[in-house]
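What follows is the residue order along each chain.
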Amino acid sequence: MDNWLIYFLRKSIAQRKGRFALSSVAVMLAVGSMTALATVSIGVRDKIGLQLRQYGANMMVTDASGGEIPMDTANQVLSSSAHIKDAAFHVYGTSRVKGLSVEIIGMEAQRMGTYRVAGRMPRGEDEIMVGINLKEALSIEAGMTMRLGDGKAYTVTGIFERGSEEDSAVVMTLGSAQRLFKIDAVSAILINGDTRYLGEIERAVSQRFPRLRVKTLRQVAVAEERVLDRIEMLMLVVSLIVLFSSSIALGSTMAASIIERMEEIGLMKALGATRRDILGFFVSEAAAAGLAGSLSGYVFGVLSAEAVSVTAFGSFIAPRTVFLPAAAIFGLIISVLSAVYPVRDALKIGPAVILRGE
Amino acid sequence: MLLTLIKKSFMNQKKPMTVMVVSVAMGTALSASLLSLAFDISNKVSKELRSFGANIIVQPRVSGLAAIGGQARYLRESDISKAKTIFWRHNIVGLAPMLAVRDEESGIAMLGTWRRKEIRIPEEKTPFIAGFESVMPWWSIDGRWPEKRTETLAGAAIAERLRLSAGDSVLFMGRRLTVTGILSTGGKEDEMLVSELDHVQAMTGLEGKVSQVFVSALTTPMDDFADRDPKTMTEKEYEKWYCTGYVTSIAKQLEDERVFSGAVARPVWPVAETEGKVLNRLSLLIYLLTGLVISASALGVSATMIVGILRRTEEVALMKAVGADSIKTVSVFLAEAMIIGLAGGVIGYALSHLVSARLGMLVFGSALEHKAVLLPLSLLVSLAITISGAYLPIRRALLIKPAVALKGGE
């Protein structure tokens, strides 16, 4: 590169700090909003997926012959595939209460899922919550105690409503249920797998544990996949719209800043600069602004994406480093392109005409 | 004088003016499209979320010991169409009746339902399509839906257990039924035979009776107000609660004696509650992104405006030198900015119409609702963008000393 070019560039940027900053800021804003959107788009599947998980499990593992799954096997199942996002152990059984046979469900206290409880969920060993359909039949209120089949007295911490058959059951912690039925095993493992890899999870589990039966719960699995696909598609389309319109807006800012400098081009030409010299000069300046803007834009974009994610989902989002080179290339291309066209236009006009100010 | 100046200014600098209008139009189009998305996202996604199935189940009201075991009770099939007469009738998007019966001898259970059935709504001209297809879209049939009384589907699990496949026959309540296909649902229906409601009613002598009705309704997410017990509300509060599409108020309207008599309608909480949470989060996300993109594009467009006015420092100096006061100078530039803003705003609004229709079709299969309020909003956005973009350079221009500027210094 010629020495004069570097000298010119330095002088030009130093003397017109404000305007150089303005171009960089324009690039930064465009690149920043795109980086933010792209980052959120990539992360939205996980974030919304986490919310949809509350609909319930999308796979269920049981013993093929209808028996129980020993605890150690159950724990091994969890580690058999990396696509298993979450899993809960359940124990099912029946117990006699006031002469009636009542269904008992045991599940881990922290994974009880979505219940409407008048009172609170059971946490300790001797606590239970009772389904709303049993409330009248057993004349039970929250706060009372109830004797189950093992003769122990359990405190009723709440009456729950779920809107399914479970409303006629008693729910307790996994530990209490295992003690009640005197087993060190679980009846079912409810899995939340990545909806795109349910087939793989099924293969992995049934290959390693031929005695277990793996079932896809289609209601959740099919709907989850459908909704996640739609939302991902939505984010993709929005990102593309933003990409398109902010490139045009950015391009016009850059072009406007060149149009403003027509006289400079005329002067350079009058002083004997060649077409290539002038184009090279403006392109390098635009490239410098583009690069500076893209880099700060990437940082700005990632920060905005984090702010959006924390506000909307209460958790951070993983930034993708692949967007850094993408942002730099995009910023460079748009700023250089939007410099080339007006400069070429200006070059067509004779220096005298430009300098006269027409 | 002012008019001539502005007219000349536009005529003499077509290119920079076009660039500015384009940039304002793009910024406005983007903002208006994203706003129309933000306004409509809840509606669109809540329709998608209906693929998670019924959010209200209506069943016969039973009390005391009858809740577990005891005599089976039924709802009236004729009450189903009345669900489309409640206050929130337009929010009811799916209705699927279920009649569960059991052959005590063989222990085989059978379910009667509708696949797709046109039902007549009282005082409505167009019939409503009810059936499991719209409520349980995950049900998949390998084979065909039974049409004759002697036909049935077999659930995947029972088919495997009894080694049934399409064409085989199965004995149910002393009748020989031909299996027309295998139904996979992943739920308890996998253990049952499933057939047309009429057939099951006729077979068991339960004409006109159903045991449950699954309702799929578009609902307003639950909030603190909705969580309150309606019994503790004042009359005014109750009215507000009743007229808001909460899952609880829709359920309440369904169990009215004039709709499903002798019934209790219960929200399916995992579905109802998750739906509200997902919708709230997603709308928040779209609003935040819209805000972010609007402010970024507004600043970007302002940058274009700043550049456009900066280049006219000399012009300002000249105006001042020939005796224009601050107000005159400002009004020329402000009027220009406003013209650019309005032109860009109108073009941008028109563009956003196209964009939001396409966006809606592409993602959700139906255009986004383009609210009328978007026109004033877009004009407001575009004017705000251009005037704020013009503000800084105009202020600077006013400080210019004519002699210095005209000499070529800054």
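Residues numbered from 1 in each chain as written. Chains lettered and ligands numbered in written order. Predicted model: local features only at pLDDT ≥ 70, side-chain atom pairs only at ≥ 80, totals over all residues.

Some words on the overall build of chain B
Across its full length, chain B carries 13 helices and 14 strands. For 410 residues, the compact-globule estimate of 2.2 N^0.38 gives 22 Å, and the C-alpha radius of gyration of chain B, at 33 Å, exceeds that figure by more than 25%. With respect to the three principal axes, the spread of C-alpha positions in chain B is 110 × 55 × 35 Å. Within the span of chain B, comprising 410 residues, buried residues form 46% of the whole. Of the contacts formed within chain B by residues at least 6 apart in sequence, a portion of 79% connects residues at least 24 apart. (Helix = DSSP H or I, 4+ residues; strand = E, 2+ residues; numbered from the N terminus. Rg over C-alpha atoms; globule rule 2.2 N^0.38 Å. Buried ≥ 20, exposed ≤ 12 C-beta atoms within 10 Å, placed from the backbone. Contact = placed C-beta atoms within 7 Å.)

As for the overall build of chain A
A count of helices and strands for chain A gives eleven helices and twelve strands. Relative to the globule expectation of 21 Å for 358 residues, the C-alpha radius of gyration of chain A, 33 Å, shows a markedly less compact shape. Across its three principal axes, chain A shows a C-alpha extent of roughly 105 × 45 × 30 Å. Of all 358 residues assigned to chain A, the portion counted as buried reaches 45%. At a minimum sequence separation of 6, the contacts of chain A that also span at least 24 residues come to 83%.

A closer look at the nonpolar core
Residues and elements named next belong to chain B. Counting residues in hydrophobic clusters, the biggest one holds 216 residues, and the most contacted among them are Ile56, Val58 and Val215. Sort the elements by how many residues they give to this core and helix H9 (residues 269–310) lands first, with 22 residues. With residues near it in sequence (within four places) discarded, Val215 still touches Ala54, Ile56, Val58, Ala83, Ile92, Leu95 and Leu254. (Core = buried A, V, L, I, M, F, W, Y, C linked by C-beta atoms within 7 Å.)

Digging into the environment of Asp223(B)
You can see Asp223(B) is positioned in the loop between strand E13 (212–217) and helix H6 (224–227). Asp223(B) sits 39 residues away from Gly262(B) along the chain, and the two C-alpha atoms are 29 Å apart.

Concerning the interface of chain B and chain A
Contact with chain B, which involves 62 residues of that partner, is made by 63 residues of chain A. With 26 residues, H9(B) is the largest single contributor of residues to the side of chain B that touches chain A. Here the side of chain B that touches chain A is built from residues that sort into 39 nonpolar, 16 polar and seven charged. (Nonpolar A, V, L, I, M, F, W, Y, C, P; charged D, E, K, R; others polar.)

Considerations on the pairing of strand E1 (residues 59–63) of chain A
Residue and element names in this part refer to chain A. Note that E1 and strand E12 (residues 212–216) share five bridges and pair antiparallel. In the sheet register, Thr62 faces E12, and the bridge partner there is Arg213. The pairing of E1 with strand E11 (residues 188–193) spans four bridges and is antiparallel. Among the inter-strand pairings, Thr62 is bridged to a residue of E11, identified as Ala188. (Pairing = 2+ DSSP bridges.)

Topic: the confidence of the model for chain B
All names here are of chain B. Per-chain confidence: chain B averages 87 in pLDDT, with 95% of residues scoring 70 or above. Mean pLDDT values for the elements of chain B range from 70 in helix H13 (residues 402–407) up to 96 in strand E4 (residues 109–113). Both confidence scores are given for the complex: pTM 0.83, ipTM 0.83. (pLDDT = per-residue confidence, 0-100.)

Thoughts on the environment of Arg203(A)
Following the sequence through the fold, Arg203(A) ends up in helix H6 (residues 198–208). Separated by eleven residues in the primary sequence, Arg203(A) and Val214(A) have C-alpha atoms spaced 8.8 Å apart.

What about helix H7 (residues 218–259) of chain A?
Working note: α-helix, 3.6 residues per turn, so residues spaced by three or four point in the same direction. Between its first and last C-alpha, H7(A) extends 61 Å over 42 residues, near the 62 Å set by a 1.5 Å rise per residue. In terms of burial, H7(A) is a largely internal element, 31 of the 42 residues being buried. (Expected span 1.5 Å × (residues − 1).)

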